[in-house]
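Below are the chains, spelled out letter by letter.
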Protein chains: 2
Amino acid sequence: MKQEQKSELTRQLILNESFNLFYKHGFKATSVDKIMNATNLTKGAFYHHYNSKKELGLAVISSNLQKRVVDGMITPLHQKGDALKLLEDIFSTRLKSFSLEEKQHGCPMNNLINEIADTEVAYQVALKAIIDKWTTALIELIERGKTENTIKKDISSKAVAIYLISAFEGVRGIRKLYDDDLILNQYISGLSFYLKQLRA
Amino acid sequence: MKQEQKSELTRQLILNESFNLFYKHGFKATSVDKIMNATNLTKGAFYHHYNSKKELGLAVISSNLQKRVVDGMITPLHQKGDALKLLEDIFSTRLKSFSLEEKQHGCPMNNLINEIADTEVAYQVALKAIIDKWTTALIELIERGKTENTIKKDISSKAVAIYLISAFEGVRGIRKLYDDDLILNQYISGLSFYLKQLRA
DNA sequence: TCAAAAACATACCGACTAGTATTTTTTATT
DNA sequence: AATAAAAAATACTAGTCGGTATGTTTTTGA
């Protein structure tokens, strides 16, 4: 195999195992040793491809984490159809589709935001980039709804976007405390009412 | 000084310094050594009063953390006056009143929820107790609004409570990513619209 | 084929971790 | 004042942490 390909493959392996371990045990609680143990490689390999754990954290955020949010929450926003219905579908369907593990461990992005965003500006910037992307896409869809006369024109698209994201990330944290989905159903019910009120 | 009083004073000192350090640097990143350094006492004193770091964590949650939420978000709910106005005041006023540090470091409870709630059932239970208290108090106020005909009767009080808490905790995390209050203003605007729609 | 470079392995470093064992100091009781 | 008990200090353990230095193996290009 070509050297470059092999390198890329190793980096991807490290990234994926890191993402999983960061998600399950948190960033600080996951050591480089544990990550490399999961890859069946050694520390020497790690520090050949990355200069520090911090650099790895940033790479996980801007590749794995970003892709996850884009695929799950942003790309679906570009579908055709009634804007409000789309919003309700995406936010509630995604929540319902989560595995038990994903419910217990919450949102990988929100976890990182709350664990490490206030320890390093670099983490802040990387995570902000994802939230900004998400916000922008939401605003676009809400604006479309306004031009199509399905969404009230006197509300702030950005305020709605922020409120939607906040509630979604918030409930994914709170769900960690419970061992059933009641709280998610309450959230969905609350979301549903909220979106209804936005209809023109 | 009486022995019992001194003991209690020391425990309080440890609890308060722990809360501050957990808040600023996270639970895992705060070692027992660092805590005891902040108290100007030694490790021997710590393990005389607490059996483990985990026990300390639980004590911080059910004393400092609980008190903070009760004082800041629950007790104010029992005031007289229009229920919806009360809700808007409490959720937005509190947000605006936060210091720069409190904006940068987010919500102490939400931080812990996202950092350690999925690592130990005991943490889950302790944190859940706070959220349940908060939810119950919110539901009571919303129910009062219904009986006073200021809040629509066909909405689920619990769903509204959960949605309010979720959005509040969510935005406190997201605010960490930014260095200004724009996001908070967007949230407040979103909240304001949401509450308006609940009015009977 | 051969040397340079890249990929990875091994062994190690000093700093830090939660927790323990033991001793000294302070307080309370008689 | 003597004694016991509580509070706190000191010194330590075995293990983990991120990171480095230096090997060995594999791949590459001439």
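We now turn to the structure provided with this report. (Residues numbered from 1 in each chain as written. Chains lettered and ligands numbered in written order. Predicted model: local features only at pLDDT ≥ 70, side-chain atom pairs only at ≥ 80, totals over all residues. Heavy atoms only, no water.)

## So, the interface of chain A and chain B
Stated precisely, the cut-off is as follows: We call two residues in contact whenever any of their non-hydrogen atoms come within 4.5 Å of each other. The buried area of a pairing is the accessible area, by a 1.4 Å probe, that goes missing from both parts when the two are put together, added over both. Any carboxyl oxygen of Asp or Glu within 4 Å of a side-chain nitrogen of Lys or Arg constitutes a salt bridge here. In protein, a polar contact means a hydrogen-donor-capable atom and an acceptor-capable atom, both N or O and within 3.5 Å, with residues adjacent in sequence counting only if both atoms are side-chain atoms; elsewhere, any N or O pair within 3.5 Å suffices. Secondary structure elements follow DSSP: runs of H or I no shorter than four residues count as helices, runs of E no shorter than two count as strands, and numbering proceeds from the N terminus. All amino acids are sorted into three groups, where Ala, Val, Leu, Ile, Met, Phe, Trp, Tyr, Cys and Pro are nonpolar, Asp, Glu, Lys and Arg are charged, and the leftover types, Gly among them, are polar.
Taken together, the contact pairs 46 residues of chain A with 46 residues of chain B. Carbon and sulfur atoms supply 63% of the area buried between chain A and chain B, which totals about 4200 Å² over both sides. The closest approach of N and O atoms between Asp118(B) and Lys176(A), which form a salt bridge, is 3.8 Å. The interface formed by chain A and chain B contains twelve residue pairs in polar contact (both at pLDDT 80 or more). Of all elements in the fold, only helix 6 (100-105), helix 7 (108-116), helix 8 (121-147), helix 9 (157-174) and helix 10 (182-196) of chain A reach the threshold of two or more residues within the side of chain A that touches chain B. If one sorts the elements of the side of chain A that touches chain B by residue count, helix 9 of chain A sits on top with twelve residues. By residue class, the composition of the side of chain A that touches chain B is 22 nonpolar, 16 polar and eight charged.

## Topic: unusual backbone geometry
With a phi angle near 60 degrees, Asn149(A) is a residue other than glycine that sits in the positive phi range. Within the secondary structure, Asn149(A) is located in the loop between helix 8 and helix 9.

## What to know about the packing of aromatic side chains
Threshold: Put simply, two rings from Phe, Tyr or Trp (the six-membered ring, in Trp's case) pair if the centres are within 6.5 Å, and we call them stacked under 30 degrees between planes, edge-to-face over 60, tilted for the rest. Note on classification: 1.4 Å probe, protein chains only; a residue is buried when its accessible area is under 20% of the maximum for its type, exposed when over 50%, partly exposed between these limits. Charge-over-ring contacts are defined here by two conditions on Lys NZ or Arg CZ: a distance within 6 Å of the ring centre and an angle within 35 degrees of the ring normal.
The full count for this structure, using the stated rule, is 28 aromatic pairs over all chains. Aromatic side chains Phe27(A) and Tyr123(A) sit 5.7 Å apart centroid to centroid with 70 degrees between the ring planes, which places their arrangement in the edge-to-face category. With Phe27(A) in the loop between helix 1 (3-25) and helix 2 (32-39) and Tyr123(A) in helix 8, this pair connects stretches of sequence that are 96 residues apart. Each member of the pair, Phe27(A) as well as Tyr123(A), carries the same accessibility label: buried. Between Tyr163(A) and Tyr163(B), the aromatic rings sit 5.9 Å apart at their centres with planes inclined by 65 degrees, giving edge-to-face as the arrangement. Taken together, the residues Tyr163(A) in helix 9 and Tyr163(B) in helix 9 (residues 157-174) connect one chain to another. We classify Tyr163(B) as buried; its relative accessible area is 0%. When the ring centre of Phe27(A) is taken as reference, the NZ or CZ atom of Lys53(A) above it lies at 4.5 Å.

## Regarding the pattern of salt bridges
Residue and element names in this part refer to chain A. All told, the structure shown has 26 salt bridges over all chains when counted by the stated rule. One salt bridge connects Arg144 with Glu148, and the closest N-O pair in it is separated by 3.0 Å. Among the residues examined, Arg144 registers a relative accessible area of 23% and is labelled partly exposed.

## Quick word on the protein's contact with DNA strand D
We apply this condition: One heavy atom within 4 Å of a molecule or strand is enough for the residue carrying it to be called near that molecule or strand.
Taken together, the neighbourhood of DNA strand D is formed by 21 residues, with Lys2(A), Gln3(A), Ser7(B), His48(B) and His49(B) sitting nearest. At the protein interface, 69% of the atoms of DNA strand D within 4 Å belong to sugar or phosphate. At 2.7 Å, a backbone N or O of Thr42(B) approaches a phosphate oxygen of DNA strand D. When residues of the surface near DNA strand D are traced back to their parent elements, those giving at least two are helix 2 and helix 3 (43-49) of chain A together with helix 1 (3-25) and helix 3 (43-49) of chain B. Here the surface near DNA strand D is built from residues that sort into five nonpolar, eleven polar and five charged.

Don't take any of this as a statement about function, it's just geometry.
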